[in-house]
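# Descriptive analysis of the structure
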Amino acid sequence: MRKVSLVEFSVNHPKLIVSLAIIFTLAFATQIPKMKTDTNPKNMLPATSDVRVWNDEVEKTFSLYEDMIVVGIVNENGILNKESLGKIIRITDEILKINGVAWRDVNSFPTITNVSAEAGVLKVAPLMTDVPQTDEEINALRKTLFENPLFVNRIISRDSKTTAIYVPLEKGANGKEIADRMREIVNKEGGSESYYIAGDPVARDTFGADMFKLMAVFSPISGMIMFLAIYLMFRNLSLSISMMTVAMISITWSVGLLIGLGFPIHIMSSMSPVFLMAIATDSIHIFNEYYFRYREKKNKKLAILETMEAVSRPVRYTALATAAGFAVLLLMHIIPVKVFGGLVAFGTIVLRLLSFSFLPAILTFIKEEKIEKAAAREDIGLSRSARLLKALGGFGAQKPKATVLVSLVLVIVAIIGTTKINVNNNMVEWFKYDSEVRTADRVMNQALGGTSLGYLVATAEEADFIKTPEAMRYIEALQRHLEKLSVVGKTVSVVDIVKRVSKVLHDDDPQYEVVPKTQEEIGQYLFMFSMSAKPSDLDNLVDYPFQKANIWVQLKTWDAQAMREINKSVDEFKKNHPISMELKPAGIAYFNLVWNDEVLYDMLRGFILALIVVFVILVFNFRSVKWAILGSIPLLFTILLIYGGLGFIGKDFDMPISVLSCLSLGMAVDFAIHFISRFKQRIVDSLQPVFSGQSPAPCTPNSELITESLLWTAARPGKGIMRNAVLFASAFSVMMFASLTPYITVGAFIVSMMMLSSILTIIYVPALITLMKDWLFKKNAITQNQI
């Protein structure tokens, strides 16, 4: 029996194919209501990763909270006045009532522990239980605040204009919901004060909420833009609907499968609908060729079959290259990146399955008079766009040396730009500069010690070593050393408590604000403090065998590189001041650094793997290493130009860009596959008379045939390439208007890559083929069976 292809079966049974697509789509759609989100940076890495295991151990040892929100209150005339202090008490009282707040350990003027002494007896009590009513009482409060180094730059700024309320959250609490409740509380107060709410949970959970909104808004807008663009290109409503239907089916199947398998939606996977809509535009090559074929054959079914035969190979291999680029992400360490890669790789495979089944079936339903009308405009000689593309291809083919020379100059410039790239992840900077989240963080970092928190855990070889004068002085010296760094706003350790107790027990004599000379005296001070203070005041800083001490390091930026500076400074200090204690970083700031380095490592590894996989696919597609090398050159050129531009504009190389570095290989190579495949097919078709009646003997085309084929490819398949690029770019262009910078970055990156890659393919590939024709067509380069 004669074999029947999927395309032929679909053309002969279109209603069955469409019905099956609808049934499967409805089945996958039933999973979507179960959708959950996850924007917690901790979950970027597996729970078993060294940094997560270590951070969990540190939090358990020192009774630390995973999340902290900082509420800033600013009065340009000074915060130490009766009205402002009254507001601080009322706001603190209301915050303590919020569900999810660890109320026992909230630190503010009314709740923070103040160490003083009366008649030689240590007194540990809240700093301010009532609002000061007189100038004398306010001045006494001012004196207490600024004479206590534990308070300065922590709950009061040096200029006394800013105070902070530190609000730890219970495990699992939603930072955005609590922050929104805090905003309601502070908005009721009004007055001359300004209020700011900052901290990692605010940024993280606000980002998650905004991410969902953007996904809900931009996906349909992106689809509408694509729909309009397709209609303007072909002036056929049925065709436009069919392409968008393919995209929506792929999105539904992919997202439904992801949710059905129990995966939450992360930042990257939230962008998958736009990616899949854009990838669906590769089907434009089918429509582009179909109208040319119909114009020539005047037979709908025959035109469909011949179209699929002509474009099936490049469409299959572009899909394979795109899917491979995304599938490489499955080998990464960053969990959301792995999930995103698998999601879009599956969606890409679905799209190609639909391209060879659903689309041919849909084309049979379109009335021939509508096809005839649209096909009339697809004429290489009459179409202005085809003539322009032919001219661009002709420039490369007729002036190949000048074209390549210009590209070499651009390569050199781009390489210089890549040396300026800075690898850095900062979730706060994922919001726009003037956003509420980023403004709050900036104001608080300028006024106080900083909203980003890192820890340095000092571990001794034996118990009680932390209570020795040697250990205390070492930790104190390390604190002073770290505070010289511009990224460090404040450090706090058990040493600060010991020095404070020592001073107040000696009538606030400044000369006693030092580490005591004996271990016994230090032990007594710590014991007295622990008997009166909140448990967390000491638990957060030292363990009870007194073998470990925790140094809090407040950073003035969420940049991952800030913690690298800390580590470098600590290593330098240890080298110059050796001691029998291990110093190891921890906390969210340290996690961000490890995550940042994992992103860089994954990018390099993923880029190399993607490059190898894509090259292998090119070799199989072209059945030639030479043509695979040629197809790789414009791809690498495009990527190099984009990354060089990123370096020159000073854009940080963060997680979204690192992911795109791998994906760009799979997506940007599509145009080269289409151009070179159709060019070689044109050569074979032109040589068909030579092959007729013969075995598939090798034949070398002459220069005239090569040039004519290049011009034809630029004008006819090139039109499909440019349509594909415009549609792809239009799908992502809407993301450039997002409120979150990762979406803006992805949008700008993809738009630039698609347009640049398509133009380079039309101009640069003809130039390379012309210059390299003797090498490319040397012996056995073209045979009848090669394509």
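Source: prediction; values computed, not measured. (Residues numbered from 1 in each chain as written. Predicted model: local features only at pLDDT ≥ 70, side-chain atom pairs only at ≥ 80, totals over all residues. Heavy atoms only, no water.)

Regarding its fold elements, the chain presents 30 helices and 9 strands. Seen through its principal axes, the chain has C-alpha atoms that stretch 115 × 50 × 50 Å. Residue burial in the chain is summarised as follows: out of 787 residues, 60% are buried. Intrachain contacts of the chain at a sequence separation of at least 6 include 81% that bridge at least 24 residues. Of the roughly 31800 Å² that the chain leaves accessible, carbon and sulfur atoms contribute 59%. For the chain, the distance from the average position of its 80 positive side-chain charges to the average position of its 74 negative side-chain charges is 14 Å. (Helix = DSSP H or I, 4+ residues; strand = E, 2+ residues; numbered from the N terminus. Buried < 20%, exposed > 50% of the residue type's maximum accessible area, 1.4 Å probe, protein only. Contact = heavy atoms within 4.5 Å. Areas by Shrake-Rupley, 256 points an atom, 1.4 Å probe, with all protein chains shown as cover. Lys, Arg positive; Asp, Glu negative; His and termini not counted. Charge placed at Lys NZ, Arg CZ, Asp CG, Glu CD.)

This part takes up helix H24 (residues 625–649). In a regular helix each residue adds 1.5 Å, so 25 residues correspond to 36 Å; H24 covers 36 Å between its end C-alpha atoms and thus fits that length. Residue Ser 624 occupies the N-cap position of H24, its side-chain oxygen lying 3.2 Å from the main-chain nitrogen of Lys 626. Looking one or two residues past H24, Gly 650 carries a phi angle of roughly 80°, positive in sign. (Expected span 1.5 Å × (residues − 1). Polar contact = N/O pair within 3.5 Å; in protein donor to acceptor, adjacent residues only side chain to side chain.)

Another point: the side chain of Lys 680. Position of Lys 680 among the secondary structure elements: in helix H25 (residues 655–686). No salt bridge is formed by the buried Lys 680, whose closest oppositely charged neighbour, Asp 685, lies at an N-O distance of 13 Å. Among the polar contacts made by the side chain of Lys 680, one reaches the main-chain carbonyl oxygen of Phe 622 at a distance of 3.0 Å. (Salt bridge = Lys/Arg side-chain N within 4 Å of Asp/Glu carboxyl O.)

For the rest of this paragraph, the subject is the pattern of salt bridges. Applying the stated criterion across every chain yields a total of 23 salt bridges. For the salt bridge of Lys 171 with Glu 66, the shortest nitrogen-to-oxygen distance reads 3.1 Å. Of this pair, Lys 171 sits in the loop between strand S4 (162–169) and helix H6 (175–189) while Glu 66 sits in the loop between helix H3 (50–61) and strand S1 (67–74); the two residues are 105 residues apart in sequence, bridging distant segments of the chain. With a relative accessible area of 26%, Glu 66 lands in the partly exposed category. Through salt bridges that share partners, Asp 67, Asp 200, Arg 204 and Asp 205 make up one connected network.

All right, on to the packing of helix H10 (residues 284–297) against helix H28 (residues 717–733) then. When two helices pack together, you describe them by how their axes are tilted relative to each other and by the distance separating the axes. Axis separation between H10 and H28 bottoms out at 9 Å; the angle between their running directions is 145°. Our pair here, H10 against H28, has a crossing hand that is right-handed. Mapping the contact onto sequence places Ile 284, His 285 and Asn 288 in H10 and Pro 717, Lys 719, Gly 720, Ile 721, Arg 723, Asn 724 and Leu 727 in H28. Residue composition of the contact of H10 with H28, by class: 4 nonpolar, 4 polar and 2 charged. (Axes fitted to C-alpha atoms, helices over the stretch in contact; angles between N-to-C directions. Left-handed = near helix turned anticlockwise from the far one by under 90°. Nonpolar A, V, L, I, M, F, W, Y, C, P; charged D, E, K, R; others polar.)

Glancing now at a nonpolar patch on the surface. A contiguous nonpolar patch, built from Val 409, Ile 412, Val 413, Ile 416, Phe 648 and Ile 649 and spanning about 580 Å² of accessible area, is present on the exposed surface. Residue assignment for the nonpolar patch shows that the elements contributing at least two residues are helix H16 (400–418) and H24. Here the element with the most residues in the nonpolar patch is H16; it accounts for 4 residues. Take Ile 649: its relative accessible area is 65%, and that puts it in the exposed class. (Patch = residues over 30% accessible without salt bridge, like charges linked within 9 Å, V, L, I, M, F, W, Y side chains within 5 Å.)

Excluding glycine, residues mostly carry a negative phi; peptide bonds, for their part, are mostly trans. One non-glycine residue, Ser 63, lies in positive phi territory at about 55°. Tracing the sequence through the fold places Ser 63 in the loop between H3 and S1. Notably, Asp 508 is not glycine yet its phi reads approximately 60°, a positive angle. Judged by its relative accessible area of 35%, Asp 508 is partly exposed.

This brings us to the sheet that holds strand S5 (residues 194–198). The sheet built from 3 strands is open, its strands ordered S4-S1-S5 with antiparallel pairing. The sheet is open, and its two borders are formed by S4 and S5, each paired with just one other strand. Between one strand and the next, the sheet's axes are offset by a mean angle of 20°, whatever the strand orientation. Across 5 bridges, the pairing between S1 and S5 is antiparallel. Bridge pairing links Val 71 to Ile 197 in S5. The strands touched by helix H4 (residues 82–95) are S1, S4 and S5; relative to S4, the strand with the most contacts, the crossing angle is about 10°. Packed on one face of the sheet, helix H17 (residues 436–447) meets S1, S4 and S5 and runs near 100° to S5. (Pairing = 2+ DSSP bridges.)

Another point: the domain arrangement of the chain. For the chain, the assigned domains read domain 1 (1–30 + 206–378), domain 2 (60–204) and domain 3 (442–593). Each of domain 2 and domain 3 was reduced to a C-alpha centroid, and the two centroids are 22 Å apart. Across the contact, 39 residues belong to domain 2 and 38 residues belong to domain 3. Between the two partners, domain 2 and domain 3, sit 0 salt bridges. Taken together, the connections running from domain 2 to domain 3 amount to 10 residue pairs in polar contact (both at pLDDT 80 or more). Looking at the side of domain 2 that touches domain 3 residue by residue, the classes come out as 19 nonpolar, 15 polar and 5 charged. (Domains from an automatic or database assignment.)

What follows is about the environment of Glu 476. With respect to the secondary-structure elements, Glu 476 resides in helix H18 (residues 469–482). Separated by 15 residues in sequence, Glu 476 and Thr 491 have C-alpha atoms that sit 9.6 Å apart. Other than its neighbours up to four places away in sequence, Glu 476 contacts Val 495, Lys 499 and Val 515.

Let's shift gears to the nonpolar core. Of all hydrophobic cores here, the largest spans 250 residues; its most connected members are Ile 95, Phe 109, Val 167, Ile 566, Met 581, Phe 732 and Ile 769. When residues in this core are grouped by element, the largest group, 14 residues, is from helix H29 (residues 741–771). With residues up to four places along the chain from it excluded, the contact list for Phe 732 reads Val 274, Phe 275, Ala 278, Val 746, Gly 747, Ile 750 and Val 751. (Core = buried A, V, L, I, M, F, W, Y, C linked by side-chain atoms within 4.5 Å.)

Note on aromatic pairs: each is described by the distance of the centres and the angle between the planes. A complete count under the given rule lists 18 aromatic pairs for this structure. Ring centres of Trp 627 and Phe 777 lie 5.5 Å apart, and the angle between their planes is 75°; this geometry places the pair in the edge-to-face category. Of this pair, Trp 627 sits in helix H24 while Phe 777 sits in the segment after helix H30 (773–776), placing them 150 residues apart in sequence. Accessibility assignment for this pair places Trp 627 and Phe 777 in one class, buried. Through successive ring pairs, a cluster of aromatic residues spans Phe 275, Phe 326, Phe 340, Phe 728 and Phe 732. One cation-aromatic arrangement involves Arg 154 over Tyr 166; the distance from NZ or CZ to the ring centre is 5.8 Å. Geometry around Trp 54 places Lys 584 over its ring, the cationic atom sitting 4.3 Å from the centre. (Phe/Tyr/Trp six-rings, centres within 6.5 Å; stacked < 30°, edge-to-face > 60°. Lys NZ or Arg CZ within 6 Å of the ring centre and 35° of its normal.)

Here we take up the environment of Val 594. By the element assignment, Val 594 lies in helix H23 (residues 588–622). For the pair Val 594 and Arg 52, spaced 542 residues apart in sequence, the C-alpha separation works out to 9.9 Å. Those residues within four positions of Val 594 in sequence are excluded, and the remaining contacts are Leu 45 and Val 51.

Within the open sheet, the 4 strands sit side by side as S7-S8-S6-S9. Their pairing is antiparallel. Each edge of the sheet is formed by a strand with only one pairing partner; in this case those strands are strand S7 (488–492) and strand S9 (581–586). Taken pair by pair, the neighbouring strands of this sheet meet at an average axis angle of 20°, ignoring direction. Alignment of strand S6 (residues 452–460) against strand S8 (residues 548–555), held across 8 bridges, turns out to be antiparallel.

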